Amino acid sequence: MESEEEPHPVFTVDPEEWMQYVYKEVIATLEDGTQHRGWVYTIDPVTQNIILVEFPNADHPCMEFLMGHAVKGLIVTNDNTELHKSQLDQLFIPTEMVHLSPEEVRQRQKKLLLWLKKNRLPVELTIDECISISDALFIEAPYGVDNCRSTNEIILGRIQGLIKNMPEDVDGW
């Protein structure tokens, strides 16, 4: 006799249902009866973990990570998604990126593109403004050493080394 297990919620709950809570203020009730209030930053559709953010003062937001299996219910208390959207979106942006103007980011991009081309690398700019080297490595804004993505550790290390050794005056090099 085979017992049928319930399918995992990732197969039964549409991610769009979870998206309706993002950027809204909610009260989450847990299995033990405790309630947590905050603005939803994100919900993982697989684990159903929720990141709630409170803004007690402007400089130091407080985050709570609620485990999906413990959440019994969510009630939206404020559905004004624009109220804290920009603050929530800024939470995980590197601090160097926050302090750069769009013009400074473009200048860094141009400088790095020129440096990589001078080193005879096949670089191109993708639609989303990433620098791509033969689709093997991508460099995202703000175009620093820590903004490189690659599955090939050898390529990653070599390109990061090139970026570290990039002179201030690439044009004159």
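Notes on the structure follow. (Residues numbered from 1 in each chain as written. Predicted model: local features only at pLDDT ≥ 70, side-chain atom pairs only at ≥ 80, totals over all residues. Heavy atoms only, no water.)

A separate point is the pattern of salt bridges. Side chains carrying opposite charge are able to pair once their charged atoms draw close together. Counted by the stated rule, this structure contains five salt bridges. A salt bridge links Lys 111 to Glu 168; its shortest N-O distance comes to 3.7 Å. Here the residue Lys 111 occupies a position in helix H5 (residues 102-118), and Glu 168 occupies one in the segment after helix H6 (153-164), the gap between them amounting to 57 residues. Lys 111 sits in the partly exposed class, given a relative accessible area of 24%. With its nearest N and O atoms 2.8 Å apart, the salt bridge here joins Arg 149 to Glu 140. Judged by its relative accessible area of 40%, Arg 149 falls in the partly exposed class. (Salt bridge = Lys/Arg side-chain N within 4 Å of Asp/Glu carboxyl O. Helix = DSSP H or I, 4+ residues; strand = E, 2+ residues; numbered from the N terminus. Buried < 20%, exposed > 50% of the residue type's maximum accessible area, 1.4 Å probe, protein only.)

Moving on, we get to the nonpolar core. Core analysis: the biggest nonpolar cluster contains 19 residues, and Tyr 21, Val 40, Ile 43, Ile 50, Leu 52 and Leu 74 have the highest contact counts within it. Elements with a contribution of two residues or more to this core: strand E1 (25-30), strand E2 (35-43), strand E3 (50-54) and strand E5 (71-78). For this core, the leading source of residues is E3, giving four residues. For Ile 43, the residues in contact, after removing those within four places along its chain, are Trp 18, Tyr 21, Gln 48, Asn 49, Ile 50 and Leu 74. One finds Val 105, Ile 133, Cys 148 and Val 170 within the second-largest nonpolar core, a separate group that totals 17 residues. (Core = buried A, V, L, I, M, F, W, Y, C linked by side-chain atoms within 4.5 Å. Contact = heavy atoms within 4.5 Å.)

Function cannot be inferred from these measures alone, as they are strictly geometric.
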